[in-house]
Amino acid sequence: MKVKELMERAGTNATGRAVAYVKDGLEEINMLTETHTRLERFDITENQRFYTLPNEMVKMIDIRVKNHLNSKDEYRSIPRMIHQPQTKDANDS
Amino acid sequence: MATSKQYAWYIEGSQIAIVEKDVSFDNDVDSKDYGPGASRQRWESPQSSVTDGLEVKYVYAPTYRVNDLDATESISSYEEDSGRLKLTISASSHTADDWLLITGLDRWNGLHQVYATTSSSNKLVVKTKYNGGAVQGFVNEATYNKDISVLEDESFELDLPLYLQKALVYYIRGKLAEDAGELKLREYAMREFKKMIEKYENSRISGLRITSSGSHAIR
């Protein structure tokens, strides 16, 4: 379906507003259900604790790290810490 | 052979923190106090560099469509240019306001718009704001695709399952009703929107759904 047809069904001819709401709606749909997922790999750098998440990310599904609790180069999901660790990083704000 | 490690994560602002368990064992066989144990056990920043070590799976909103997957160019570095993001690429031409889709470049993944027209240049400035140092030497393959359609006008074809496209109609109706101050209509449209999304979710799961109490529940 094109945005034009969607606008006709919704009963509006205000293109700018409709496009803005379509963008909002697509985000909202992806918050509630997962239609488009992407897997990205980043390098882990020694002594670097903080990594920037992609700006386009709507929702995070999983975090996996290579060789976590294995020595076969497998990527396994890592747990989320409830409390921050005692040892701070140099870049810790 | 790779060694086994133990990692964990937490969120700090808009960043993800990766920590690794640092364990020093004190089971020295020459010591009279020999026995299993650890003299140090704490969570610290990663103890070693790992190429492609971190894998993030995430959801994004499909506000664009890739027309040609092969229309990609590599990015070798990026830096700041008058408060904007400047990419170093292989020499190519771009027109102002064209859209690019960057992948493999952590925080810059996603859509960016060309700031000024270039001709056979290996520098490309995009409208994205950036205020930081030059970054280069990516181990990952950082690329951008220049053949994409972006949701900008009525001609954009939505990249969404048919049933969810109908749900989106209710969302638009709801937002328009909200603007008009018709709150009853808004509530009705949003309820239908959420109901359709739930029905879509359920349509992907067949069989029984059973919930049971946890192993530590009071019985």
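Cut-offs applied
Residues numbered from 1 in each chain as written. Chains lettered and ligands numbered in written order. Predicted model: local features only at pLDDT ≥ 70, side-chain atom pairs only at ≥ 80, totals over all residues. Helix = DSSP H or I, 4+ residues; strand = E, 2+ residues; numbered from the N terminus. Buried ≥ 20, exposed ≤ 12 C-beta atoms within 10 Å, placed from the backbone. Contact = placed C-beta atoms within 7 Å. Pairing = 2+ DSSP bridges. Axes fitted to C-alpha atoms, helices over the stretch in contact; angles between N-to-C directions.

Draft legend 1. Here's a closer look at the overall build of chain A. For chain A, the helix and strand inventory stands at 2 helices and 4 strands. Mapped in sequence order, the helices and strands of chain A form the string α-α-β-β-β-β. C-alpha atoms of chain A, sized along the principal axes, occupy 55 × 35 × 25 Å. Split into buried and exposed, the 93 residues of chain A put 27% on the buried side.

Draft legend 2. Representation of unusual backbone geometry in the model. Residues and elements named next belong to chain B. A positive phi is found at Ser 82, a non-glycine position, where the angle reads about 50°. Relative to the elements of secondary structure, Ser 82 occurs in the loop between strand E6 (72–81) and strand E7 (84–94). Even without being a glycine, Asp 97 presents a positive backbone phi close to 75°. Inspection of the secondary structure puts Asp 97 in the loop between E7 and strand E8 (99–103).

Draft legend 3. Quick peek at the interface of chain A and chain B. Listed by partner, the interface residues are 72 residues for chain A and 68 residues for chain B. The element best represented in the side of chain A that touches chain B is helix H2 (residues 15–32) of chain A, accounting for 13 residues.

Draft legend 4. Region of the structure containing the sheet that holds strand E3 (residues 57–66) of chain A. Across the sheet, which stays open at both edges, the 4 strands sit in the order E1(A)-E4(B)-E3(A)-E4(A) with antiparallel pairing between neighbours. Among the strands making up the open sheet, the edge pair consists of strand E1 (37–44) and strand E4 (75–77) of chain A. Each adjacent strand pair in this sheet contributes to an overall mean axis angle of 35°, direction not counted. Judged from the 3 bridges that link them, E3(A) and E4(A) form a sheet pairing that is antiparallel. Along E4(A), the bridge assignment pairs A:Val65 with A:Arg76.

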